[in-house]
Amino acid sequence: MGMFPRWAVIAGLIPLAVLGLLAVRDVEPLVSEVIADRASAQLKAESLTWARVEVSGRDVVLAGEALELAARALAAPSVARVPGVRQVTDTTRLMAEQKPYLWSLETSATRAVVTGYVPSDAVRSDILRAIGAAMPGRDVVDRLQFGRGAPDGFAGTAALLAASLGSAVSGTAVINNVNVSLQAIVENEETAGIVRRAMAALSGTYRLADLQLALPRAAPYLFELERDAQGVAASGHVPGGAARGRLIAALHAAFGQQAVVDRLQDASGEPAGFEAAALFLIEQTARLNSARASVRDRVLAVEGTAPDAGAYRGVVAAWRNRMPAGFTAGAVSVTAPLITPYRLGIAVEADVVRLSGHLPDEPARDALLAALRAGGPSRSIDDRIQLGLGAPARFAEAAVQAGRLAVRMVSGEVGLSDTRLAVAGRAASFDDDEALKAEAARLPEGFTAGSLSLSPPRIAPFSWTAELAGGEVTLKGHVPSVSVRDALLTQARAVFEGRTISDQTRIADGALSGFGAAAGFGLGQLARMSEGRVAILDGRVTVTGKGQAGIDNAALAAAGARTDGLPAGFSLAATDVVAALPVSRPYIMTLALSDGRIALDGVAMSEAEKTAILEAARLALPGRAVDDRIRIATGQPDAIDWVAANRFALAQLARLSTGAVRLEDGAFRIEGQARDRAGFVAVNLAIRQAALPGGGRLHAASIRPPIVSPYGWFVEKTASGVLLQGYAPSDAVRASNRDNAMRAFQPLAVRDAQELAEGAPEGFAAAARLAIELVARLERGRADIADRSLGLAGQAVTGAEIEAVRNSLRDGLPTGWQSRDQIRVPAPVLVPTSQPVRATVPPATPDNAEQCQAKVREAVGQGTITFQLGRDQLRPEAVALVNRIALVMKECPATAFTVEGHTDSDGPSAQNLDLSERRAQAVVSLLIQQGIAAARLSPQGFGASRPLVPNDSLANKIRNRRIAFVARP
C-alpha cells in the first residue's frame, strides 16, 4: 500500500466493481433457467407433471391444478429440494371435481376421436395405447382433459370400450359416471356376438345403460340368384343371423343335390317382407332351366328359359298373381318353347272377351289387354293366352290392332295366324262399323287382311223419322235395306212434289216385319199437315204437328184404323196434331178496368201465352174479378213479345181507377183516370219511353189526373216576381192561368208551379182569373182558392183602392162561392231611422197559450202539411191547411209559436237537418204572408233527431215527416 498513493487504490477498485456487477447481471438468467429445468425434471420424476414452475433468480413460484390433495402436498417440498432454490411460493390448487364424469370415443373407418376427462396423465396414456392397439391405421384425435372424480375401474372400462369399437365398422361409446352406452355398426352377426359378450363382462361398478348394434345399411338392398345347369349362386345382401340360415336352407331344399354358392353379405336396410320375397324368388328360379332373378328393394325381376310350357305358365302365373305383399314386378322376360303356326284368337260375346293362342312376351300381353280394356271397360276378359317363341316380326303390334277391332264389335271373332288377319261379326254402331273397316286396312308392315265379313249394326229400338218443316222433308234414322229406302224416297218425292227431300237414313238390322208399309203410312199422313213429324220406334207410330184445315187427331186415328192403314204389328201410339189456327189481322188485345173488374178481350198465340197474360192480370190487379175473353189465333207480329206487352199494359191499368188499354200489333193506346197523383206521374213517365216493354210503341194516350179534395190553388205577388201554385183541372186551364198572369203582372217574372188534378169546383177557371186580376192591383199580395172559397190578402196603395178591390172581389165571384180578404195599406213609420225597430207582442197568460195550442191542433186535425219530394215547396193542399192555421193564430195575438221541422231517417243527417230548417222557414214565410207577425214566429229544424215513432216502416216514416207548432207565452 505504501507503494501507491491512496487515490490510486480507489481508482483501481472502481473498474473491478463495475466488472463484478456486469458479471452478476449476465449470470442471473442462466441460474433461473438451470433451476427451472431442475424443478421441472424433479416434478416429472415424481409424476407431478400437472404442476408448473416460474423462476426469478433462485426464487420459484409453483402453479397448477392437482388432481388429488396428496399430489398437491408433495409438489412444494419436491421443488424445495432442488439445488439452488432459495424460496418456493405455492399457488397451486386442487382441480374441481367433474360431475357427471364424462368420457366418449367416436370412431369411423378412418379415425377415432376421444373426448372427456381422465384422472391422470398415466390413465390418459393407457387409454390412448388401448385405442391405438384396437384400431391400427386410424388417426386418433386426443381431446381429453384432466378432471377429478373418475369412478373406480375407469381406465379398464375405457380400454374395454375401445377394444369393442375396434371390431366395429363405426360407432360411439360413452361413460357417464358409472353408466356405459355403446352404439356401433358391425360387419356381421359374429362380430355383434363378440361385442355383446364384452359388454356383459363390465365390472360390477359399471352398468350397461344402452347397447345398439346394427349391420351396415345397404342401399339399394339387393338379393340375386343366378341359376345354370350346375347349381345356383346367391349374392347381395341378407339380414344375417337366423334369416340368413333360413334362406340358405331354402336354397338347398329347392335345388336338391345341385351346388349352392353363398356369396351373401350381412346388411341392414332390408324392406319389410324381404324374407318372403326372397323365398318366392328361390321357388320361381328353381322352375327354370337357367335364370337370373333379383329382389332390388321392393322390385322383383326375372329373366330365363322355362323347360316346358307348363313351367313357363307356372312362373308367369306366379309372377302375375302371387307377388309378395308390398312388392312389385319389374322386368319379366321368361321365354317359352317355339310355337308354329303362331296364332292369336279374340272371340267377342255379349259381356266377355275370350283370348286364346300365343304371344311372344308379357309386354305384348299387357299391350293387348290395355287395348281391350280401353275400348270395352265393362267387359270381362277370359285370358288363356300362353307365351311362346316363334312369333313373326311385329306380331305384338298386330295383336294390339286386332284388339282395337274386337272392341268395336258386339259379337264376332278376330284372328291372327302368323301374318294373316281375319274378321267376322257385327259392329256395335255405325261409327264402329266404319272405324272397324278403316282399322283393318292399317295393319303393321308384313301383315295382310284376309276375310272381312261384317253384318249391319243391330239397332234397338229401331227408329225412323220423317219431318216436314217449311219447304223441306227430312228422313232420318234407320231402314232395313236399300230397297226399302229407295221405295220411301220415291213415295216422298211423289206426295211432296216441289219440296226438297233430304235422306239421312242408314241401313241397320232390327226392323219389324212390315216396316216399309208403316213408314209409307207415315209419309201419307205427313202430307196432310202444314208442318209436323212422323216417328216410328219399333212398332209404335207417333204423329205430331199442325194439320191442314180439318186434319186433327181424330182424322189421323181414322186413317190408321182403315184396312189399308198401318200393317200388323204397328199401332198409332200417340198423336198431337191440331187443326190450323185462325189468323188474326191485326193482332189485338183490349184490357178494360171498371167497377172492380178487369176484362181481357183479344187473342194469344197459345194456351200457355193466354195463361201467362191472365196470371199477370191477377197479379197486377189483386182482388179484381177477371173476365177472360181471350181466343187462340196466329198472326202475332214477330217483333212483339205479346206477354211482356200485356204485362206492361196491366201494370199501367193498376195505376188507374178506371181506364182501358188497347194493343193493336205494335200500337199502344191508353185512356183513363189516375188513381192518385203518384199513379198519374208514373203512368205518364212509363208510356213516354222511346221503346215500350214487349216491343210496342205509344200510339195515343189520354190519362186524366186524379180527383183532389180539398182543391187548392194560389197566386202570390212579391217584389221579386209572381208564383202560380196549386191544382188546375186541365192543361187548357193551367195555360190560361199562366197567360193571364203574364199579361196582368208585366214586367214581373211569373213562375208556374201548377199541377193537373181533377175535382175542381164549378167556376174554378173564372175564380182563378178573378184572383189574378185582383192580386195584380195590389202592391203585393196573395189570393188563395180552397174548394169554393177565394181569399185575398196583401197591401194596397190607398184605402180607396182597397174598397175597389173588395167590390171587384164581391161582384166577380162565381155563383155559390165565398170570399174573405185581409187587405191593408202600409202603416206609417213613427220610429226615427236611427233607432232600431223592435216588434213587441203583448204578453199572454199560460192559460191563453195552452188554449191557442189546442186551437192550432184542432185546426190541423187529421191533415198533414206536405211538400214537394225532397224540396221545401208546399203542395197546394198544404197551403190551404197553413191558411187555416193562420186564421187560428190571429185569434191569439199574444201567443208566439215555434214552427218545428222534422224528417225521417232516410239520407244523410246534415241534409235532413237542412231540409227540416228550410221547410220550417217556408211555413213561417207563408204565415207571415197571411198576416202573422214575424216576431211571433220562430222556425227551427230538428232533422231526424226527434222521431215520434221508430223509422222501421214506410207508415212510421210518413208520421215522422211533419211540421209541428209549439205555442209559447
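Sequence order sets the numbering: in each chain, residues are counted from 1 along the sequence as written. It should be noted that, the model being predicted, local features are given only for residues of pLDDT at least 70 and side-chain atom pairs only at 80 or more, the latter also being counted only at that level, while totals for whole chains, interfaces and linings use all residues. Only hydrogens and water are set aside when side-chain values are computed; all heavy atoms of the structure are taken into account.

(A) Looking closely at the pattern of salt bridges. The salt bridge definition used is simple: a Lys or Arg side-chain nitrogen within 4 Å of an Asp or Glu carboxyl oxygen. Tallying each qualifying case throughout the model produces 43 salt bridges. A salt bridge links Asp628 to Lys610, with the nearest nitrogen and oxygen atoms 3.4 Å apart. Taken together, the positions of Asp628 in strand β33 (residues 625–632) and Lys610 in helix α15 (residues 607–620) put the pair 18 residues apart, joining distant regions of the chain. Three labels apply to residues, based on accessible area from a 1.4 Å probe with only protein chains included: buried if under 20% of the type maximum, exposed if over 50%, partly exposed otherwise in between. Under the relative-accessibility criterion, Lys610 is labelled buried at 16%. Residues Arg806 and Glu803 are paired through a salt bridge, measuring 3.4 Å at the closest nitrogen-oxygen approach. Helix and strand definitions follow DSSP, with helices as H or I runs of at least four residues and strands as E runs of at least two, each counted in order from the N terminus.

(B) Region of interest: empty space enclosed by the protein. Only protein atoms enter the 1 Å grid, on which a cavity is a set of points fitting a 1.4 Å probe that cannot get out and a pocket is an open set with protein on both sides within 12 Å along at least 5 of 7 lines, lining residues being those with an atom within 4 Å of a point. Grid points are joined across faces, edges and corners, and a volume is the space filled by probe spheres set on the points. Tallying each qualifying case throughout the model produces one cavity of 30 Å³ or more. The volume enclosed by the largest cavity comes to roughly 70 Å³. In this structure, the largest cavity is lined by Ile640, Trp642, Ala645, Phe648, Leu663, Asp665, Gly666, Ala667, Phe668, Leu692, Pro693 and Gly696. Contributing elements (two or more residues each) for the lining of the largest cavity: α16 (642–653) and β35 (667–674). For the lining of the largest cavity, the element with the highest residue contribution is α16, accounting for three residues. For the lining of the largest cavity, the class distribution of residues is nine nonpolar, two polar and one charged. Think of it as three bins: nonpolar holds Ala, Val, Leu, Ile, Met, Phe, Trp, Tyr, Cys and Pro, charged holds Asp, Glu, Lys and Arg, and polar takes everything else, Gly as well.

(C) Representation of helix α13 (residues 515–526). Compared with an ideal rise of 1.5 Å per residue, which puts 12 residues at 16 Å, α13 spans 17 Å between its outermost C-alpha atoms and is within 8% of the ideal. Most of α13 sits out of view: nine of its 12 residues are buried. Of the positions making up α13, those classed as buried are Phe515, Ala518, Ala519, Gly520, Phe521, Gly522, Leu523, Gln525 and Leu526. Expected span, for any helix, means 1.5 Å times one less than how many residues it has.

(D) Spotlight on the state of the cysteines. Here, two cysteine sulfur atoms that lie within 2.5 Å of each other are counted as a disulfide. Counted according to the given criterion, the structure contains one disulfide. Shown here is the disulfide that connects Cys852 with Cys892, its sulfur atoms set 1.9 Å apart. For the disulfide bridge between Cys852 and Cys892, the dihedral angle about the S-S bond is near -120 degrees, and by the sign convention the bridge is left-handed. Taken together, the positions of Cys852 in helix α21 (residues 846–860) and Cys892 in the loop between α22 (876–890) and β43 (896–902) put the pair 40 residues apart, joining distant regions of the chain. Across the pair, exposure class does not vary: Cys852 and Cys892 are buried alike.

(E) The layout of surface pockets, seen in detail. What the largest pocket holds in volume is close to 680 Å³. As for the largest pocket, its lining consists of 23 residues, of which Phe867, Leu869, Gly870, Arg919 and Arg961 are closest to the centre. Only α23 (909–929), α24 (954–960) and β45 (962–968) provide two or more residues apiece to the lining of the largest pocket. If one sorts the elements of the lining of the largest pocket by residue count, α23 sits on top with six residues. When the residues that make up the lining of the largest pocket are grouped by side-chain class, the tally is seven nonpolar, eight polar and eight charged.

(F) Inspection of the environment of Leu222 at higher detail. Secondary-structure assignment places Leu222 in strand β12 (residues 222–227). When its relative accessible area of 17% is taken as the criterion, Leu222 is described as buried. Distance in space between the C-alpha atoms of Leu222 and Arg296 is 4.6 Å, their sequence separation being 74 residues. Residue contacts are counted whenever heavy atoms from the two residues lie within 4.5 Å of one another. Apart from the residues within four sequence positions on either side, Leu222 is in contact with Ser235, Gly236, His237, Ser294, Val295 and Arg296.

(G) Structural view of the sheet that holds β45. Judged by pairing direction, the sheet is mixed, and its three strands sit side by side in the order β44-β43-β45 without closing on themselves. The open sheet has two free edges, formed respectively by β44 (937–941) and β45, since each of these has just one partner strand. Averaged over neighbouring strand pairs, the angle between their axes works out to 20 degrees when direction is ignored. In this structure, β43 lies alongside β44, joined through five bridges in parallel fashion. Bridge assignment links Thr898 to a residue of β44, and that residue is Ser938. All axes are obtained by fitting lines to C-alpha atoms, using only the stretch in contact for helices, and the reported angles, taken between N-to-C directions, cover 0 to 180 degrees. Seen against the sheet, α23 touches β43, β44 and β45 and runs at an angle of roughly 160 degrees to β44. Two strands form a pair only when DSSP identifies at least two bridges running between them.

(H) Main features of the packing of aromatic side chains. Stacked, edge-to-face and tilted labels apply to pairs of Phe, Tyr and Trp rings (six-membered ring for Trp) whose centres lie within 6.5 Å, assigned for plane angles under 30 degrees, over 60, and everything in between, in that order. Applying the stated criterion to the full structure yields 15 aromatic pairs. A ring pair is formed by Phe648 and Phe668, whose centres lie 5.5 Å apart and whose planes are at 50 degrees; its orientation type is tilted. Here the residue Phe648 occupies a position in helix α16, and Phe668 occupies one in strand β35, the gap between them amounting to 20 residues. Of the two residues, Phe648 and Phe668, both sit in the buried class.

(I) Region of the structure containing the environment of Ala660. Positionally, Ala660 belongs in strand β34 (residues 656–664). C-alpha separation for the pair Ala660 and Leu161, spaced 499 residues apart in sequence, amounts to 116 Å. Other than its neighbours up to four places away in sequence, Ala660 contacts Leu591, Ala592, Leu653, Arg669, Ile670 and Glu671.

(J) Structural context of the pairing of strand β23 (residues 420–427). By the bridge criterion, eight bridges tie strand β22 (residues 409–417) to β23 in an arrangement that is antiparallel. From the neighbouring strand, Gly412 faces β23, where its bridge partner is Gly425. The antiparallel pairing of β22 with β23 creates a hairpin that spans two residues between the two strands, and Asp418 there sits at a positive phi of about 55 degrees. Considered for its hand, the β-α-β crossover made up of β23, helix α11 (residues 430–440) and strand β24 (residues 448–455) is right-handed. For a crossover, the right-handed case is the one in which the path from the first strand over the helix to the second runs clockwise, viewed with the strands pointing away from the viewer.

(K) Spatial organisation of the side chain of Glu716. By the element assignment, Glu716 lies in strand β37 (residues 712–718). Among the polar contacts listed, one links the side chain of Glu716 to the side chain of Arg782, at a separation of 3.4 Å. We call two N or O atoms a polar contact when they sit within 3.5 Å, provided that within protein one can donate a hydrogen and the other can accept it, with sequence-adjacent residues counted only if both atoms are side-chain atoms. Here Gln929 takes part through its side chain, which lies 2.3 Å from a polar atom of the side chain of Glu716. In this view, Glu716 contacts Gly721, Val722, Leu723, Gly781, Arg782 and Gln929; residues no more than four positions away in its chain are not counted.

(L) Region of the structure containing unusual backbone geometry. A cis amide bond links Lys99 to the next residue, Pro100, at an omega of 0 degrees. The peptide bond linking Ala219 to Pro220 adopts the cis configuration, its omega dihedral lying at 0 degrees. Mapped onto the fold, Pro220 is located in the loop between β11 (207–214) and β12. Positive phi, close to 50 degrees, is recorded for Asp595, a residue that is not glycine.

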